[in-house]
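Examination of the molecular architecture
Now for the letters of each chain:
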Amino acid sequence: MSTQTTGSAVQRIFIDKQSPKAYHALVQTSEAVRAVAADSGLDRTVVELINLRVSQINGCAYCLDIHTKAALRVGETTQRLGVLAAWRDTELFTPQEHAALALAESATDPSDAAAQESAYATAREVLTEDQISAVIWVAITINAFNRVSIMSNHPVRATARR
């Protein structure tokens, strides 16, 4: 089998296009998770903050682009988006958002057991069990989408400047 290259990088397969049944199942999971989050009372801005923070950790430019736009559409501010990577160092996020972000980070990198226990303990103080479950499912789902986009090398296209 020959390998195609573009410049110095091997041309990637868009696995979402190559295996549409698997990708469609992931999309259906995402839709179910969004419904679970809404049913739990988790605000859509919190869902988008989780999507963005996990995508920052994973370095997924494509998902960062998609979810920045989504966050702005649901009313998130540019100030909070701009400091999201340093959310612990600001007073811009609520205790519930702090708990959700810490829990999402621990689901993204579960190797630090102490951080995971701390995040879970904080979440138990300010989130319901349904919200904790929803936060973890949102993090799991965006982690999966991050890997699809990173492994496919999905491009981020420039938009017109205003």
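The structure under discussion appears in the preceding block.
Let me begin by describing the structure that accompanies this report. All values reported here derive from a predicted model rather than from experimental measurement.

Quick notes on the overall build of the protein
The number of helices and strands found in the protein is eight helices and two strands. When the helices and strands of the protein are listed from N to C terminus, the series reads β-β-α-α-α-α-α-α-α-α. In terms of overall dimensions, the protein is globule-like: its C-alpha atoms have a radius of gyration of 17 Å, near the 15 Å expected for 162 residues. Among the 162 residues that make up the protein, the fraction classed as buried is 36%. On the protein, roughly 9,800 Å² of surface is accessible, and the fraction owed to carbon and sulfur atoms is 53%. Each charge sign in the protein was given a centre, from 15 positive and 17 negative side chains, and these centres are 13 Å apart.

Side note on unusual backbone geometry
With phi around 55 degrees, Asn153 is a residue other than glycine that occupies positive phi space. Along the chain, Asn153 falls in the segment after α8 (129-152).

Remarks on the pattern of salt bridges
Side-chain pairs of opposite charge can arise whenever the charged atoms involved come near each other. Tallied over the full model, the rule gives eight salt bridges. Residues Arg44 and Glu48 are paired through a salt bridge, measuring 2.9 Å at the closest nitrogen-oxygen approach. With Arg44 and Glu48 both in helix α3 (residues 44-58), this residue pair falls four residues apart, about one helical turn. Residue Arg44 is classed as partly exposed on the basis of its relative accessible area, which comes to 33%. You can call Glu48 buried: its relative accessible area is 1%. The partner of Arg80 in a salt bridge is Glu97, and the shortest N-O contact between them spans 2.7 Å. Taken together, the residues span a long stretch of sequence, with Arg80 in helix α5 (residues 78-83) and Glu97 in helix α6 (residues 95-108) at a distance of 17 residues.

Some remarks on the packing of α3 against helix α4 (residues 61-73)
One can describe the packing of α3 onto α4 by two numbers: an axis separation of 9 Å at closest approach and a directional angle of 160 degrees. As far as their axial angle goes, α4 and α3 are roughly antiparallel. α3 and α4 meet at a crossing whose hand is left-handed. Contacts from Glu48, Asn51, Leu52, Ser55 and Gln56 of α3 reach α4 at Cys63, Leu64, His67, Thr68, Ala70 and Ala71.

Focus on the packing of α6 against helix α7 (residues 113-126)
The N-to-C vectors of α6 and α7 enclose an angle of 150 degrees; their axes lie 8 Å apart at closest approach. Between α6 and α7, the crossing angle belongs to the class labelled roughly antiparallel. Crossing angle aside, the handedness with which α6 passes α7 is left-handed. When α6 is examined against α7, the residues Pro95, Gln96, Ala99, Ala102, Leu103 and Ser106 are found in contact with a partner set consisting of Ala115, Gln116, Ala119, Tyr120, Thr122, Ala123 and Val126. Within the contact of α6 with α7, the residues separate by chemical class into nine nonpolar, four polar and no charged.

Procedures and definitions
- Residues numbered from 1 in each chain as written.
- Predicted model: local features only at pLDDT ≥ 70, side-chain atom pairs only at ≥ 80, totals over all residues.
- Heavy atoms only, no water.
- Helix = DSSP H or I, 4+ residues; strand = E, 2+ residues; numbered from the N terminus.
- Rg over C-alpha atoms; globule rule 2.2 N^0.38 Å.
- Buried < 20%, exposed > 50% of the residue type's maximum accessible area, 1.4 Å probe, protein only.
- Areas by Shrake-Rupley, 256 points an atom, 1.4 Å probe, with all protein chains shown as cover.
- Lys, Arg positive; Asp, Glu negative; His and termini not counted.
- Charge placed at Lys NZ, Arg CZ, Asp CG, Glu CD.
- Salt bridge = Lys/Arg side-chain N within 4 Å of Asp/Glu carboxyl O.
- Axes fitted to C-alpha atoms, helices over the stretch in contact; angles between N-to-C directions.
- Parallel < 35°, antiparallel > 145°, perpendicular 65-115°, else oblique.
- Left-handed = near helix turned anticlockwise from the far one by under 90°.
- Contact = heavy atoms within 4.5 Å.
- Nonpolar A, V, L, I, M, F, W, Y, C, P; charged D, E, K, R; others polar.

All quantities given are derived from atomic positions and should not be read as evidence of function.
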